[in-house]
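Overview (structure and organization)
So you can see what is in the structure, the chains are spelled out below.
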Amino acid sequence: MSVLIVKNLRKSFGTVQAVEDISFSVEAGEVFTIIGPNGAGKTTTLEMIEGLQQPDAGTVSINGLSWSKDESEIKTIIGVQPQSGALFDLLTAEENLDLFASFYPKSREPKEVLEMINMTDHRSKRVRSLSGGQRQRLAIGLAMINDPSVIFLDEPTTGLDPQARRNIWDIIMKLKALGTTIILTTHYMEEAEKLSDRVCIVDQGHIISLDTPAALISKLTQEREVRLSFHDGEEAARQTEEAIRSQPDIVRMEREGAHLSLWSVQPEQSLYDLLGITKERGYRVEHVSIREMSLEDVFIAFTGKEWRD
């Protein structure tokens, strides 16, 4: 069942067309991630869905409700964690949750939320003394306090160290296990690939592609990269390149010094042949690997841009 239905959203700011005709739907319990370069329109799209921006055209339906007719009811069933948090620095973590709980007719117990975001030991700390990762976890806790069926997380891990980012991932997976529908934007490809049921790539106000991470990667290419580094130096890499060049499964090759990279539609067979050549000629290989294609490769292929934080 579709919890969120977005149809033909458009939004411009003066002469800048931020969002042009975006449509998609999100199923109950799904982690749906919107990715795109800076200025692609993803945050504007999210803000229109959340009711923070009025679209120039198009409609948004959340659990069958619309902002024009059911604003008060929608606010009770969604949770929003914006890029800039609305934390009260002089209140403790628990006091922030108590305050936000008072805004809703129904809410989770602050103690339960503190446990879910792994903040029980920090419940009595004032917000101003919390670390960046702790503040982000609390911001997600505030978005959870009304027990929403749909929660919006706008780049929740930006600027955090790897450990703090993983803590946020754990919270997202806990919410998913509870059946909460999660709409996520992120700048981290690994994050999108690991957490998402489906990924929506947005660029210049349009949806470029939308599918599961695995399907997006498989659409890109069947080629994979095989890498070798030679202890015996540049000459060993050059001669190995010449010897393997005739293999039909190899699409292209690159060599830099003692490092050889090739792209093959049958990477395991190509690697087997490569190691056969090196063994026959007595070359010593320092490093060998097969690199899987990733969501970052998909992003660059579809948008023509390198990923930038």
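Because the structure is predicted, anything quoted here is derived from the model rather than measured.

The next point concerns the overall build of the protein chain. When you go through the protein chain residue by residue, the secondary structure sums to 11 helices and 14 strands. If you line up the protein chain on its principal axes, its C-alpha atoms span 75 × 45 × 35 Å. Evaluated residue by residue, the protein chain yields a buried proportion of 48% over its 309 residues. The long-range share in the protein chain, meaning contacts at least 24 apart out of those at least 6 apart in sequence, stands at 66%. For the protein chain, the accessible area works out to roughly 15000 Å², and carbon and sulfur atoms hold 47% of it. Between the centroid of the 34 positive side chains of the protein chain and the centroid of its 48 negative side chains there is a distance of 2 Å.

What follows deals with the layout of surface pockets. Taken as a whole, the largest pocket holds about 490 Å³ of empty space. Lining the largest pocket we find 23 residues, and of these I78, G79, V80, F100 and Y104 sit closest to its centre. For the lining of the largest pocket, the elements supplying multiple residues, two or more each, are α2 (67-77), β6 (78-81) and α5 (132-144). A per-element tally of the lining of the largest pocket places α2 first, with five residues. Here the lining of the largest pocket is built from residues that sort into 14 nonpolar, six polar and three charged. Computed from the structure, the second largest pocket encloses a volume of approximately 260 Å³. As for the second largest pocket, its lining consists of 14 residues, and the residues nearest its centre are Q54, P55, V60, W67 and S68. Put simply, the parts of the chain that give the lining of the second largest pocket at least two residues each are β4 (57-62) and α2. Sorting elements by how many residues they give to the lining of the second largest pocket places β4 first, with four residues. By residue class, the composition of the lining of the second largest pocket is five nonpolar, seven polar and two charged.

This brings us to the nonpolar core. One finds L138, M144 and I182 to be the most contacted residues of the largest nonpolar core, which totals 31 residues. Within the residue set of this core, elements represented by two or more residues are α3 (93-101), α4 (110-116), α5, β7 (150-154), α6 (162-177) and β8 (181-185). Among the elements that line this core, the one with the most residues is α6, at six residues. I34, L46, I49 and I74 belong to the second largest nonpolar core, which has 27 residues in total.

Let us look at the packing of aromatic side chains. What the rule picks out here adds up to four aromatic pairs. Judged by centre distance (6.4 Å) and plane angle (85 degrees), the ring pair of F230 and Y283 falls under edge-to-face. Residue F230 is found in strand β11 (residues 224-230), and its partner Y283 is found in the loop between α10 (267-281) and β14 (285-291); the two are separated by 53 residues along the sequence. Both residues of the pair, F230 and Y283, belong to the buried class. A cation over a ring is seen here: R252 above W263, with NZ or CZ 3.7 Å from the ring centre.

A few words on the packing of helix α9 (residues 234-244) against α10. Their axes nearest at 10 Å, the elements α9 and α10 cross at an angle of 125 degrees. Put simply, α9 runs oblique to α10. Between α9 and α10 the crossing geometry is right-handed. Facing Q239, T240, A243 and I244 of α9, the residues of α10 in contact are S270, D273, L274, I277, T278 and R281. Residues belonging to the contact of α9 with α10 are distributed by class as follows: four nonpolar, four polar and two charged.

What counts, and at which threshold
- Residues numbered from 1 in each chain as written.
- Predicted model: local features only at pLDDT ≥ 70, side-chain atom pairs only at ≥ 80, totals over all residues.
- Heavy atoms only, no water.
- Helix = DSSP H or I, 4+ residues; strand = E, 2+ residues; numbered from the N terminus.
- Buried < 20%, exposed > 50% of the residue type's maximum accessible area, 1.4 Å probe, protein only.
- Contact = heavy atoms within 4.5 Å.
- Areas by Shrake-Rupley, 256 points an atom, 1.4 Å probe, with all protein chains shown as cover.
- Lys, Arg positive; Asp, Glu negative; His and termini not counted.
- Charge placed at Lys NZ, Arg CZ, Asp CG, Glu CD.
- 1 Å grid on protein atoms, 1.4 Å probe; cavity = no way out; pocket = protein on both sides within 12 Å on 5 of 7 lines; lining within 4 Å.
- Points joined across faces, edges and corners; volume = space filled by probe spheres on them.
- Nonpolar A, V, L, I, M, F, W, Y, C, P; charged D, E, K, R; others polar.
- Core = buried A, V, L, I, M, F, W, Y, C linked by side-chain atoms within 4.5 Å.
- Phe/Tyr/Trp six-rings, centres within 6.5 Å; stacked < 30°, edge-to-face > 60°.
- Lys NZ or Arg CZ within 6 Å of the ring centre and 35° of its normal.
- Axes fitted to C-alpha atoms, helices over the stretch in contact; angles between N-to-C directions.
- Parallel < 35°, antiparallel > 145°, perpendicular 65-115°, else oblique.
- Left-handed = near helix turned anticlockwise from the far one by under 90°.

Taken by themselves, the reported measurements are silent on function.
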